[in-house]
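# Architecture and fold: a report
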Amino acid sequence: MMNALSRFFYVLGEGARQLIRAKGLSAAVIVTVAAALFQLSIFLGIDRVLDRALSSAQENFELVVFLSPSAKGADRDRVQSLLNADPQVASVKVVTRDEALAQFRQDPEIDQMIQALGENPLPDSFDVTIKKDAVGHVDDLVSRLKKDQAVDEVSYGKGQFEALSKVLNLVRWVGAGLGGLIFLAALFIISNTLTLSLWARREDLALMSRLGAPSWMRWGPYLWEGFFQGFLGALLVCAILEIFHVSAGWLLKTYGGFSQLADLPAADWVSLDLTLCFLGAVLGALGAALALRKKWVWEFQ
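Since we're looking at a predicted model, the values are computed, not measured.

The rules behind these values
Residues numbered from 1 in each chain as written. Predicted model: local features only at pLDDT ≥ 70, side-chain atom pairs only at ≥ 80, totals over all residues. Heavy atoms only, no water. Helix = DSSP H or I, 4+ residues; strand = E, 2+ residues; numbered from the N terminus. Buried < 20%, exposed > 50% of the residue type's maximum accessible area, 1.4 Å probe, protein only. Areas by Shrake-Rupley, 256 points an atom, 1.4 Å probe, with all protein chains shown as cover. 1 Å grid on protein atoms, 1.4 Å probe; cavity = no way out; pocket = protein on both sides within 12 Å on 5 of 7 lines; lining within 4 Å. Points joined across faces, edges and corners; volume = space filled by probe spheres on them. Nonpolar A, V, L, I, M, F, W, Y, C, P; charged D, E, K, R; others polar. Pairing = 2+ DSSP bridges. Axes fitted to C-alpha atoms, helices over the stretch in contact; angles between N-to-C directions. Contact = heavy atoms within 4.5 Å. Phe/Tyr/Trp six-rings, centres within 6.5 Å; stacked < 30°, edge-to-face > 60°. Core = buried A, V, L, I, M, F, W, Y, C linked by side-chain atoms within 4.5 Å. Disulfide = S-S within 2.5 Å. Salt bridge = Lys/Arg side-chain N within 4 Å of Asp/Glu carboxyl O. Patch = residues over 30% accessible without salt bridge, like charges linked within 9 Å, V, L, I, M, F, W, Y side chains within 5 Å.

## Overview of the overall build of the chain
From N to C terminus, the chain includes 13 helices and four strands. When each of the 301 residues of the chain is scored for burial, the buried share is 38%. Roughly 17300 Å² of accessible area belongs to the chain as shown, and the carbon and sulfur atoms make up 63% of that amount.

Next up, the structure:
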């Protein structure tokens, strides 16, 4: 057991030492990983901003139910009871015609128009907040309300919500496609760079093979080397993004119009960093694995 454990730590340590020995090639891989992940981080950041905007739209999704001018107090109470009893409804606020008039009269131009009319043209209404998980099923409630004779009109922003949802899906598909191409291009470059590192140490591989070292001891250091290089590349991107977030956030708000990106909560930034670290480690390890699959490398088996 101790022998196997010591071999494992040997492979791990050798991978770290190889990272230091070939400084030039390691730097090339780290920079390649960082460049690829930085481009991916742009799509991931936009995805998080749109996802938060969609979530906010779901949490604040409202209907405005306007009653007909002929509706009586009993009709208003009945519609209010119908809304309160619906499981899709989170809250209901009654807005009387007098309250609506007071709100509209805060605008001087509208106030002049109302004075010219000489009467209050506004009906009673309800501001209805829909539960977040019921936004996609609100059509049934709207259909029932429109059939009610006491209801004159139902206004709601489902079109805008669906448009935002479609934009988010489009960004995700485009991001996934371009991100996949960036990932594959970086993987190709990393694999070829690590192949050069293997070629430079081909004599060491041959010697270990003649000494009877098991395969995982021969190839393990190179996999760990790729893993470390990818992880370091990801850490470099995370550091750049953190500096960007802290130092350039005010520029985004002042000049760039991207205040939503700068205002993302800490949890989203941590999630982005963890995602990039995972992708970097996978990218480096896969690049090393592909390099080890070269035909001439397997001749040392």
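## Some thoughts on the layout of surface pockets
Volume-wise, the second largest pocket comes out at about 230 Å³. Lining the second largest pocket we find Leu40, Phe43, Leu44, Asp47, Val171, Arg172, Gly175, Ala176, Gly179, Gly180, Phe183 and Leu279. The set of elements that each furnish at least two residues to the lining of the second largest pocket consists of α2 (23-59) and α7 (158-200). At seven residues, α7 tops the list of elements feeding residues into the lining of the second largest pocket. Residue composition of the lining of the second largest pocket, grouped by class: seven nonpolar, three polar and two charged.

## Focus: the sheet that holds strand β2 (residues 89-95)
A sheet is described by the order of its strands in space; here four strands give the open sequence β2-β3-β1-β4, paired in antiparallel fashion. The two strands at the open ends of the sheet, each matched to only one other strand, are β2 and β4 (151-156). Put simply, the sheet's adjacent strands are angled 20° from each other on average, direction ignored. Pairing of strand β1 (residues 62-67) with β4, which is carried by five bridges, proceeds in the antiparallel orientation. Pairing of leucine 63 across the sheet is with tyrosine 156, part of β4. Each of β1, β2, β3 (125-130) and β4 is contacted by helix α3 (residues 73-85), which is oriented at about 160° to β2, the strand it contacts most. Along the sheet, helix α6 (residues 139-147) makes contact with β1, β2, β3 and β4, crossing β4 at roughly 160°.

## A word on the pairing of β1
Across the two faces of β1 the burial differs, with Leu63, Val65 and Leu67 buried and Glu62, Val64 and Phe66 not buried at all. By the bridge criterion, five bridges tie β1 to β3 in an arrangement that is antiparallel. The residue of β3 that forms the bridge with valine 65 is phenylalanine 126.

## Quick notes on the packing of aromatic side chains
Applying the stated criterion to the full structure yields four aromatic pairs. An aromatic cluster is built from Trp224, Phe227, Phe228 and Phe231, whose rings are joined through pairwise contacts.

## Examining the nonpolar core
Membership of the largest hydrophobic core comes to 26 residues, with the highest contact counts inside it found for Leu37, Leu276 and Leu283. At the level of secondary structure, the elements contributing two or more residues to this core comprise α2, α7, α9 (215-247) and α12 (266-292). Considering every element that reaches this core, the biggest residue donor is α12, with eight residues. Val89, Val142, Leu145 and Val151 belong to the second largest nonpolar core, which has 18 residues in total.

## Quick notes on the state of the cysteines
All told, the structure shown has zero disulfides when counted by the stated rule. With no disulfide of its own, cysteine 238 lies 4.0 Å from the sulfur of cysteine 277, the closest cysteine sulfur. By relative accessible area, cysteine 238 is classed as buried at 10%.

## Concerning the pattern of salt bridges
Any two side chains of opposite charge can pair if their charged atoms end up close together. Scanning the model with the defined rule gives four salt bridges in all. The residue arginine 78 makes a salt bridge to aspartate 75 at a minimum N-O spacing of 3.6 Å. Note that arginine 78 and aspartate 75 are positioned in helix α3 at a spacing of three residues, about one turn of the helix. Between arginine 144 and aspartate 86 there is a salt bridge; the shortest N-O distance is 2.5 Å. Here arginine 144 is found in helix α6, whereas its partner aspartate 86 is found in the loop between α3 and β2, with 58 residues between them in sequence. Overall, arginine 144 belongs to the partly exposed group, its relative accessible area being 35%. A residue is classified by how much of its surface remains accessible, and aspartate 86, at 7% relative accessible area, is buried. Through salt bridges with shared partners, a single network forms among Asp75, Arg78 and Asp148.

## Concerning the environment of glycine 179
Along the chain, the position of glycine 179 falls in helix α7. Residue glycine 179 is classed as buried on the basis of its relative accessible area of 7%. When the C-alpha atoms of glycine 179 and isoleucine 42 are compared, they prove to be 9.8 Å apart, with 137 residues separating the residues in sequence.

## Describing a nonpolar patch on the surface
A grouping of Phe38, Ile42, Ile46, Leu236 and Ile240 is seen on the molecular surface, where their side chains present a nonpolar patch of about 400 Å² in accessible area. Mapped by element, the contributors of at least two residues to the nonpolar patch are α2 and α9. Top contributing element to the nonpolar patch by residue count: α2, with three residues. Within the element layout of this structure, isoleucine 240 appears in helix α9. Residue classification places isoleucine 240 among the partly exposed positions, given a relative accessible area of 41%.

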